[in-house]
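# A look at the structure
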Amino acid sequence: MRKRIIAGNWKMNTTLDEAKKLASEIVELVKNVDDVEIVICPPYTNLYVVYEIIKDSNVKLGAQDLHWEDKGAFTGKISADMLLSVGVKYVIIGHSEQRTYFCETDETVNKKVKQALKKGLKPIVCVGETLEQRENGETKEVVKKQVVGAFEGVSKEDILKSVIAYEPVWAIGTGKTATPEQAQEVHAFIRELLKELYDEEVAQSVRIQYGGSMKPNNAKALLEQPDIDGGLIGGASLKAKDFYGIIRPE
Ligand code: PEP
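About the criteria used
Residues numbered from 1 in each chain as written. Predicted model: local features only at pLDDT ≥ 70, side-chain atom pairs only at ≥ 80, totals over all residues. Heavy atoms only, no water. Core = buried A, V, L, I, M, F, W, Y, C linked by side-chain atoms within 4.5 Å. Buried < 20%, exposed > 50% of the residue type's maximum accessible area, 1.4 Å probe, protein only. Contact = heavy atoms within 4.5 Å. Helix = DSSP H or I, 4+ residues; strand = E, 2+ residues; numbered from the N terminus. Pairing = 2+ DSSP bridges. Right-handed = clockwise from strand over helix to strand, strands pointing away. Axes fitted to C-alpha atoms, helices over the stretch in contact; angles between N-to-C directions. Parallel < 35°, antiparallel > 145°, perpendicular 65-115°, else oblique. Left-handed = near helix turned anticlockwise from the far one by under 90°. Nonpolar A, V, L, I, M, F, W, Y, C, P; charged D, E, K, R; others polar.

### A look at the nonpolar core
Across soluble globular proteins, you tend to see nonpolar side chains buried next to one another. Residues Ile 26, Ile 40, Val 50, Phe 151, Ile 190, Leu 194 and Tyr 210 are the most contacted members of the largest nonpolar core, which totals 65 residues. Among all residues touching Ile 40, those that are not within four sequence positions of it are Gly 8, Trp 10, Ala 23, Ile 26, Val 50, Ile 54, Val 59, Lys 60, Leu 61, Gly 62 and Phe 243. Core analysis: the second largest hydrophobic core is formed by 11 residues, Val 39, Ile 124, Val 163 and Leu 232 among them.

What follows is the structure in structure tokens.
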């Protein structure tokens, strides 16, 4: 049985006060939820203050990126140890915005995934095709290359601690959601790929989230699909009620 995991990616949003308010509202709304793993990923500046708010709750802390080196002259970057020291458990790696705007490649994703796992952070690895790639019929090829690249050299024991987020780039922040059938097809493909790369146990155990304009009004149909184990939520994670509406969709 894979436990559903809903993670909120706050991206470059929330000042200190806004983060405190949002985290407090989420903690209150989800306090009775025990069948869904809940993760929130504020920007770095708000990680510690949010940790202080959620530390005794059922909400876990995630970060939006990390650097693959332990420490040193990497101005502007954040290490795994820094994240661990403020209570972070999960880290998003390879988000399409990182790939598009900040030169993230399958190679850097792989280095970050290995560093996260070595240090005891759980990676949420994002993969997904652009609209052009989908229209050219390249979706599976692109997703396969990203999954293979991200987990190259990662042991079975370690991939079992990882989460994969299938996020079609054309659906992120656009209001266009993949249909449940479109998403399910790619999720099933990723599971099949995990079986090829590892084995049946890995294929059946690794959780695969969908991300891309998931909202309270479309979450249920997506989450009902057999291979969709949760969501990585951008815009709708910035309103506590909407985030809760995805955790408990009607
Ligand atoms: C995301 O950034 O991972 C995401 C899915 O964003 P949104 O929900 O806003 O499309």
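Here the narrative resumes.
### As for the environment of Gly 120
By the secondary structure assignment, Gly 120 is in the loop between α5 (106-119) and β5 (122-127). Separated by 32 residues in the primary sequence, Gly 120 and Val 88 have C-alpha atoms spaced 9.9 Å apart.

### Side note on the pairing of strand β1 (residues 4-9)
A large share of β1 lies buried, amounting to 5 of its 6 residues. Note: β1 against strand β2 (residues 36-41), 6 bridges, orientation parallel. Pairing of Arg 4 across the sheet is with Val 36, part of β2. For the crossover that starts at β1, traverses helix α1 (residues 16-29) and ends in the parallel β2, the hand is right-handed.

### Structural notes on the packing of helix α11 (residues 216-223) against helix α12 (residues 240-247)
Put simply, α11 and α12 touch, their axes get as near as 8 Å, and they point 20 degrees apart. When the axis of α11 is compared with that of α12, the two are roughly parallel. Classified by chirality, the crossing of α12 by α11 is right-handed. Between α11 and α12, the contacting residues are Pro 216, Ala 219 and Leu 223 on the first element and Asp 242, Gly 245 and Ile 246 on the second. Grouping the constituent residues of the contact of α11 with α12 by class yields 4 nonpolar, 1 polar and 1 charged.

### Notes on the pairing of strand β7 (residues 207-211)
With 5 of 5 residues buried, β7 is to be regarded as a mostly interior element. Burial along β7 is two-sided: Arg 207, Gln 209 and Gly 211 and Ile 208 and Tyr 210, pointing in opposite directions, are all buried. Of the strand pairs in this sheet, strand β6 (residues 163-166) and β7 are connected by 4 bridges, and their pairing is parallel. Looking at the pairing, Ala 165 lines up with Gln 209 of β7. Note that β7 and strand β8 (residues 230-233) share 2 bridges and pair parallel. Its bridge partner being in β8, Gly 211 is matched across the sheet by Leu 232. Chirality of the crossover, the property in question, places the unit of β7, α11 and β8 among those that are right-handed.

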